Amino acid sequence: MTAALLDSLRAIVGDAHVLTDGDLSAWEQDWRKRERGRALAVVRPASTEQVAAVVKACAAAGVSIVPQGGNTGLVCGSTPDASGRQVVLSTRRMNAVRAIDPANLTITVEAGCVLQSLQEIAEKEGFLFPLSLGAEGSCTIGGNLSTNAGGTQVVRYGNTRELCLGLEVVTAEGEVWSGLTGLRKDNTGYDLRDLFVGAEGTLGIITAATMKLYPLPAVQLTAWAAVPSMEHAVELLGLAHRTLGAGLTGFEVMGRFALSLVAKHFPQQRVPFVTAAAEAADETPWCVLLENSDDESEEHARSRFEKLLEVAFEAGCVSDAVIAENLTQARALWHVRESITLAQVEEGLNVKHDISIPVSRIPEFVRTTDALLAEKIPGVRMVDFGHLGDGNLHYNVQAPEGVDAKAFLAAQEEHINTLVFDAVKAFDGSISAEHGVGSLKQHKLPHYKSPVALKLMRAIKGALDPENRMNPGRVLEA
Ligand code: FAD
Ligand code: MLT
Ligand code: ZN
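Residues numbered from 1 in each chain as written. Chains lettered and ligands numbered in written order. Predicted model: local features only at pLDDT ≥ 70, side-chain atom pairs only at ≥ 80, totals over all residues. Heavy atoms only, no water.

**Describing the overall build of the protein**
Scanning the protein from terminus to terminus reveals 18 helices and 19 strands. Expected size for 478 residues packed as a compact globule is a radius of gyration near 23 Å; at 23 Å, the protein falls within 12% of this value. Its C-alpha atoms put the protein at 70 × 55 × 45 Å along the principal axes. Every one of the 478 residues in the protein was classed for burial, and the buried ones make up 56%. Restricting the contact set of the protein to residue pairs at least 6 apart, pairs at least 24 apart contribute 72%. For the protein, the computed accessible surface area is about 20,000 Å², with 52% contributed by carbon and sulfur atoms. (Helix = DSSP H or I, 4+ residues; strand = E, 2+ residues; numbered from the N terminus. Rg over C-alpha atoms; globule rule 2.2 N^0.38 Å. Buried < 20%, exposed > 50% of the residue type's maximum accessible area, 1.4 Å probe, protein only. Contact = heavy atoms within 4.5 Å. Areas by Shrake-Rupley, 256 points an atom, 1.4 Å probe, with all protein chains shown as cover.)

Pasting the structure below:
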């Protein structure tokens, strides 16, 4: 049976694009190296027709499929399980731009297009594609849609879902749903597009998408501010909304320990206001990175930014601040922020969270949950940072200093997750605001979603993928 399936797959995509031997770790291992599975084969189709034929061949053989884009996901959702019975379907060869419609402000691209390429193509045409995240050099638009990725511009432009106007999808039966309309208004029944966005490959395979474009702003300025507390960071966010209006395109918060990890592991980077002296004096517990996009001029943008920071100083919610003088400085500041994930990898395996809480309640959440974790698991180190403008925190937990991280995680991860997720629930939040559920959190979902929501989700899964062939065991338990 396996030999017959492999022959069929080779006939569809060509011998060179059905990988079964050699080092397949790039497809079989997740980005954080938490899990290593084994694939029956890695199949790399080049067109929607080929994807449909692969799905039909796998269905006929009773084999399930794990769709994969850039494999940068953080919840072990894009790699095969250990059975050796799953086919990884990589979209990376499907990276063409199918159309740009300047009047409609849309671009239609294939699912395997790397996010950074999409940003660059849009910019060359004079447009902004505003989705931006640390993995943009290797994640794909299909993966971004399937995880409904957030990133650093959500405060102004929304999540990937809000940027999507249409999809083309290969269903679990191998049919093609062509929904690349590019319409901004369409009330003809259930929203199929929004079912596939955020489905993490469990309902079908996204093969192409029509995405929104925006005019390029005339200027983008970046500022970095030290704030005395999380309460002050939230106050600064309110001031920024009022002063900059739609010009506020980024508002990131970073805890001192998260930044000190960047300084420790990447000493070539300059981290403003995070010094040994500040740490000894317990100053600068938090820093904030703000971005102001302006359609008029640099002068206009700068004067609005300066006014905001002036008011913030007077109100006591900022203790120090710098505005980047030029693009190089702005990029360096963003680079510090984007380096936290890698600095955490260097420091050792950790428990990652991507929770959301109403912005107004974040200070209280952090205070009480920090205290709870310190009491229950003495010595844990909190690596807190994230997209405060969206109420989304990476509330990450690093093993105590000097403790073996792998052993610590094996013993404590479940306990830590329960403590944090119970707190999130008590604050009316979500246990996953960005990275999704994957196979890391699917067993937790039944405890934190209502029975009715779960029943509806299972009904949708059962209707669209009755044989459970699309990324089984992800999002919902198999
Ligand atoms: P993959 O990892 O390949 O897949 C992710 C999921 O989508 C899997 O379940 C997979 O089966 C499914 N999938 C992939 N392609 C398709 C398709 N065409 N059709 C159907 N299903 C598909 N995430 C954020 O939200 N915000 C951030 O700021 C952010 N920053 C990151 C920074 C770093 C350094 C890293 C490593 C990751 C970050 N992520 C972030 C997580 C990750 O980059 C995103 O989830 C991204 O959207 C995944 O894209 P991908 O192409 O790598 O998808
Ligand atoms: C980020 O905001 O940097 C990402 O979501 C990645 C992470 O959580 O480490
Ligand atoms: Zn994030």
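**What about the layout of surface pockets?**
Within this model, the second largest pocket holds a volume of roughly 710 Å³. Every element with two or more residues in the lining of the second largest pocket is listed here: α8 (192–196), α16 (405–426), α17 (445–448) and α18 (451–464). Of the residues forming the lining of the second largest pocket, the biggest block, three residues, is contributed by α18. Taken together, the residues of the lining of the second largest pocket break down into 14 nonpolar, 10 polar and seven charged. Residue contributions to the lining of the second largest pocket reach at least three from each of two domains, namely domain 2 (97–215) and domain 4 (348–433). (1 Å grid on protein atoms, 1.4 Å probe; cavity = no way out; pocket = protein on both sides within 12 Å on 5 of 7 lines; lining within 4 Å. Points joined across faces, edges and corners; volume = space filled by probe spheres on them. Nonpolar A, V, L, I, M, F, W, Y, C, P; charged D, E, K, R; others polar. Domains from an automatic or database assignment.)

**Considering the coordination of the zinc ion (ligand 3)**
At this site the zinc ion (ligand 3) is bound by His387 (NE2), His394 (NE2) and Glu434 (OE), with donor distances of 2.1 Å. Along the chain, the residues donating to the zinc ion (ligand 3) fall in the pattern H-x6-H-x39-E. Taken as a pair, histidine 394 in strand β19 (residues 392–398) and glutamate 434 in the loop between α16 and α17 lie far apart in primary sequence, 40 residues in all. Exposure remark for histidine 394: the relative accessible area of 4% places this residue in the buried category. (Donors = N, O, S within 2.8 Å, 3.2 Å for Na, K, Ca; no water.)

**As for the UniProt feature "domain: FAD-binding PCMH-type" (unreviewed entry) in the protein**
Taken from the UniProt record, the annotation "domain: FAD-binding PCMH-type" (unreviewed entry) applies to residues 35–216. Between the first and last C-alpha atoms of residues 35–216 the distance is 40 Å; the span itself is 24% helix and 27% strand. (UniProt positions renumbered as here; feature names shortened; annotations may be inferred.)

**Comments concerning unusual backbone geometry**
Not every positive phi belongs to a glycine, and glutamate 200 is a case in point at roughly 55°. Along the chain, glutamate 200 falls in the loop between α8 and β10 (204–212). Here valine 475, not a glycine, exhibits a phi torsion of approximately 65°, which is positive. Within the secondary structure, valine 475 sits in the segment after α18.

**Brief notes about the site of ligand 2**
The environment of ligand 2 is made up of Leu74, Arg337, Thr341, Lys352, Phe385, His387, His394, Glu434 and His435. The side chain of threonine 341 places a nitrogen or oxygen atom 2.8 Å from an oxygen atom of ligand 2. Contact between ligand 2 and histidine 387: an oxygen atom at 3.0 Å from a side-chain N or O atom of the residue. For ligand 2, the protein covers 87% of the area, taking 260 Å² as the surface of the free molecule. Residue composition of the shell around ligand 2, grouped by class: two nonpolar, four polar and three charged. (Near = heavy atom within 4 Å. Polar contact = N/O pair within 3.5 Å; in protein donor to acceptor, adjacent residues only side chain to side chain.)

**Concerning the site of ligand 1**
In the region of ligand 1, 36 residues are neighbours, and Pro67, Gly69, Thr72, Gly73 and Thr140 sit closest. In this structure, glutamate 434 approaches ligand 1 through a side-chain N or O atom, which is 3.0 Å from a nitrogen atom. In isolation ligand 1 offers 970 Å² of accessible surface; the protein chains occlude 96% of this area. Broken down by class, the residue content of the shell around ligand 1 amounts to 10 nonpolar, 24 polar and two charged. Counting the residues that make up the shell around ligand 1, at least three belong to each of domain 1 (2–90) and domain 2 (97–215).

**Details of the sheet that holds strand β3 (residues 64–68)**
Backbone hydrogen bonds hold the strands of a sheet together, and the pairing may be parallel or antiparallel. The four strands lie next to each other as β1-β2-β4-β3, forming an open sheet whose pairing is mixed. The open sheet has two free edges, formed respectively by β1 (18–19) and β3, since each of these has just one partner strand. Sheet analysis places β1 next to strand β2 (residues 39–43), joined by two bridges and oriented antiparallel. Bridge pairing in β2 links leucine 19 to valine 42. (Pairing = 2+ DSSP bridges.)

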